[in-house]
Amino acid sequence: MKLNISVSAKKRGEMMTAVSFTPNSPTIYATCDDQTLCSFGADGDEESTPADLGAHITSISWFPPAGKTVVDMFAASCTDGTLRFFKKNGMLEKKIQAHDGAAICVEWNLDGSSLVTSGEDGEVKVWSRNGNLRSQLATYPTPIYALSFSPSSTSLLLANGNKLIILPLASNKQKTVTWEACSSGVVTCCDWNNVSGLIVSGGEDCCYRVYDSFGLPLFTSNPHEHVITSVAWRPNSSLFAVGSYNVIRLCDKTGWTVCKNNPATGSIVKCKWSSDGTQLAGACGGGVVIFAQLVDRTLEYGNVTATLTDPKKIQISDVTSPNSFDELDFPRDRVVEFSLGHDHLVVATATQCFIYESPNYNTPQIFDLRNPVNLIVLAPKSFAVVDTVMGVTVYNYEGRQLSAPRFQGLRPEFLSADHVSLSHDVIAILDQTDFKTIRCFDILTGRPLGNNGEVKHDQEITKISLSLFSTSSMDRRLVFIDSNKELFITPTAQLPGVQKKFAIQKLLTQVDTVAWNDTSDLLACVADSRLTVYYYPHALYVDRDLLSQSVESHDASSFGSHPQILSFFGNTITVRRSSGAVLTRTVPPYPALLYEYAAGGRFKDCVKLCRYIKSPQLWATLAAMAIYHQDLDSAAVALSATKEVDKLQYIKYIQSIASSEIRNAEMMLYKRCPEEAESILLQASPMKLYHAIKMNVRLYRWDRALQLAVKHDKYKDVVMWYRREYLKGFRREEDKSEFLKLGREVGEVDEERVKELKREAKESEREGDRK
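Everything in this summary refers to the structure shown in the same document. Being a predicted model, the structure only gives us computed values, none of them experimental. (Residues numbered from 1 in each chain as written. Predicted model: local features only at pLDDT ≥ 70, side-chain atom pairs only at ≥ 80, totals over all residues. Heavy atoms only, no water.)

Quick word on the overall build of the chain
Each helix and strand counted, the chain has 13 helices and 55 strands in total. If you line up the chain on its principal axes, its C-alpha atoms span 110 × 65 × 45 Å. Looking at the chain as a whole, 55% of its 771 residues are labelled buried. Considering only contacts in the chain between residues 6 or more positions apart, those separated by 24 or more positions represent 43%. With an accessible surface of roughly 33900 Å², the chain has 47% of that area assigned to carbon and sulfur atoms. (Helix = DSSP H or I, 4+ residues; strand = E, 2+ residues; numbered from the N terminus. Buried < 20%, exposed > 50% of the residue type's maximum accessible area, 1.4 Å probe, protein only. Contact = heavy atoms within 4.5 Å. Areas by Shrake-Rupley, 256 points an atom, 1.4 Å probe, with all protein chains shown as cover.)

This is the structure in structure tokens:
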């Protein structure tokens, strides 16, 4: 990935003081120290005669767009201490005296309801959209050189002296957070990422730094030759730009430099991204505007590589044919976003969407887009596009719209690839107004799944991911990482016998990154400097003991801190280190074969494979798969190989049961779902009341056993006899009032009488089964 750099043809004055893209178009506006406003097209050509603003501008901020509304107004801070509102043609709408000394910064909040200014007098003020003063947030002894809103617009990031300050806008329980962000001199620039919540700053110590939303340092660069004069996060991305004297860098959120350019433009005083993140503009101290196009972005899937070689051109290459490649031209518009995966390439330009199927790249499916796309998420049978106006829309690979999931508080402009996940039948979206809630929708109808389609957690969630292998919603699993770096798994549909409060289960702690395999339900994650691969995560809902035995773990200290899994294709895991280096690890191909055989019901082939490989993890995986699919013969073989004698004995006991209802109930009991097992017995025809009562007795659920006996007025003496034998073994006296009352009612119970009732019950149920 790199930046294609160009510079404006004419020099304006001694320096350019501010620059910004208009929200609804690629037009760039820049202000000069000769008090003029210049406009440029996306190609860098000057579009009109500069307009005289009548003031020296220090910063400009365009009014945020609302839907398709055309925005033609911006606010500007001036060296005479005024806040001014201009039309895009440079006509002055309103002028307000805002600060003593120069007004340095101005910025609108995300919904355009208010704006904030700061100045040389150290004051931070909040204004209404009409220019009325709402409040004076704070006063500091030194100037505020930079400011930025938090993603929720509830806090403000300020650069004051050598410190960064997070200042709450409302008088609530939030506290002001202050930390040192420059070792010498002052902090000159800062920006707050609207998606990840990360903060980047630069200062006179010639270093740029990355922090989390609480001010904890994540990265500090080596000192550069000159002062860092500007920083800016790319919209909906983990990249940011850094400007300095004759230097512009593109960096990853972990700090490593993606690319570096050395234009002879002087210091890049301000830099801004376009709303679609494809272009960067900078106001330079040499009196010119620098323009940068993001190109050479490369995506890989299997043997195929797609590279954006030009803003309107993508090159497709296949490693199996190194001397041939396909070149896709888009003469009408520049490429805004593209995604490669699942044998498809989806490209979104400013006005159209192109769908290519590998290996045929000559006849794409094409449909028009109403708004520029921020994000494309691919799945095996469909894909989702996200834009700031229409929100999330799901299409199939023929270009037909399937659904458009909606919910109150959907903020599509803040969604990233970590916040949206798509599978065969489900789309999961992280609620941007409540980061503790994931919302799941059916992709065919757009309706919420189950109980409002909500998955609620007690901590804020940072990443979500849906399994891709199964085509059944009952087998679909969702994993997520929370703010404590703990990994959880949950089904997207209600599983039989699994209560909702027990559906979310913790898998691992200290997790940095996670990814599902594309051809199976293998789950890979990097946690605590170890690469862990779960062969069958669903074993958690079958037998937790088998889950721990079906895990492969290796040392991953070579990945360093903050690694990211880029892909998990086939048996290859691709990981990017925090330094930017890309490493690969492989896992055995046999678990994927096991999934393939099990999906086709070929459990005999599964047993042959495990006997040939002789892997304990593979045997444990087969045992969990066979139990889940109720292939008890294969389960017995696998359990014997894992030396789980107690589980093997119980499976053999289940195999010996003639009644299918009782077998199903015992299987649910094996999965630790007693309520579902009891429900199966009571709903059987005829009802297996005796077995339901006896099951509760075996589990020492005495109150429930008694409740069933009293409700149906049968087998009370059986319950009473077992209860007395239980107490006798522990040499205890009865202390439950219900059993004391029943004891007086039934009196003494003879063991022979209990055996007779047991025979009668079984015979009665056996006759019912025959009928």
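Considering the nonpolar core
Here is a general trend for soluble globular proteins: nonpolar side chains tend to be buried in one another's company. Ranked by size, the top nonpolar core spans 62 residues in total, and within it L487, I573, L622 and I627 carry the most contacts. Apart from the residues within four sequence positions on either side, I573 is in contact with A524, L531, V533, I565, S567, F568, L583, T584, R585 and V587. Of all hydrophobic cores here, the second largest spans 32 residues; its members include L669, C673, L708 and F739. (Core = buried A, V, L, I, M, F, W, Y, C linked by side-chain atoms within 4.5 Å.)

Let's talk about helix α8 (residues 674-682)
Taken as a whole, α8 has its buried residues at P674, A677, E678, I680 and L681. Looking down the long axis of α8, one finds its buried residues gathered within 155 degrees of arc, a one-sided arrangement. On its buried face, α8 sits against α7 (660-670), α9 (689-698) and α10 (702-712). (Arc of directions from axis to C-beta.)

Things to note about the packing of α9 against helix α11 (residues 716-730)
Two numbers describe how α9 lies on α11: the axes approach to 11 Å, and their chain directions differ by 15 degrees. Our classification of the angle between α9 and α11 gives roughly parallel. As α9 runs across α11, the sense of the crossing is right-handed. Between α9 and α11, the residues in contact are Y690, I693, K694 and V697 and V718, V719 and Y722, respectively. Residues belonging to the contact of α9 with α11 are distributed by class as follows: 6 nonpolar, no polar and 1 charged. (Axes fitted to C-alpha atoms, helices over the stretch in contact; angles between N-to-C directions. Parallel < 35°, antiparallel > 145°, perpendicular 65-115°, else oblique. Left-handed = near helix turned anticlockwise from the far one by under 90°. Nonpolar A, V, L, I, M, F, W, Y, C, P; charged D, E, K, R; others polar.)

Some words on the pairing of strand β18 (residues 187-192)
Of all 6 residues in β18, 5 are buried, a share of seventy percent or more. If you look at the hairpin formed by β18 and strand β19 (residues 199-203), you'll find 6 residues sitting between the two strands, and G197 has a positive phi there, around 80 degrees. (Pairing = 2+ DSSP bridges.)

Here we look at the sheet that holds strand β37 (residues 375-378)
In spatial order, the strands read β37-β38-β39-β40; together these 4 strands make up an open sheet with antiparallel pairing. A single partner strand is all that each edge strand has here, and the edge strands are β37 and β40 (401-403). Across the sheet, the axes of successive neighbouring strands diverge by a mean angle of 30 degrees, strand direction being ignored. Two strands pair when backbone bridges link them, and strand β39 (residues 391-396) and β40 are joined in this way by 2 bridges, in the antiparallel orientation. From the neighbouring strand, Y395 faces β40, where its bridge partner is Q401.

Side note on the pattern of salt bridges
Taken as a whole and judged by the stated rule, the model has 30 salt bridges. One salt bridge in this structure joins R439 and E454, with 3.0 Å as the shortest N-O distance. Highlighted residues: R439 in strand β43 (residues 437-442) and E454 in strand β44 (residues 454-456), separated in sequence by 15 residues. The class of E454 is partly exposed, set by a relative accessible area of 22%. (Salt bridge = Lys/Arg side-chain N within 4 Å of Asp/Glu carboxyl O.)

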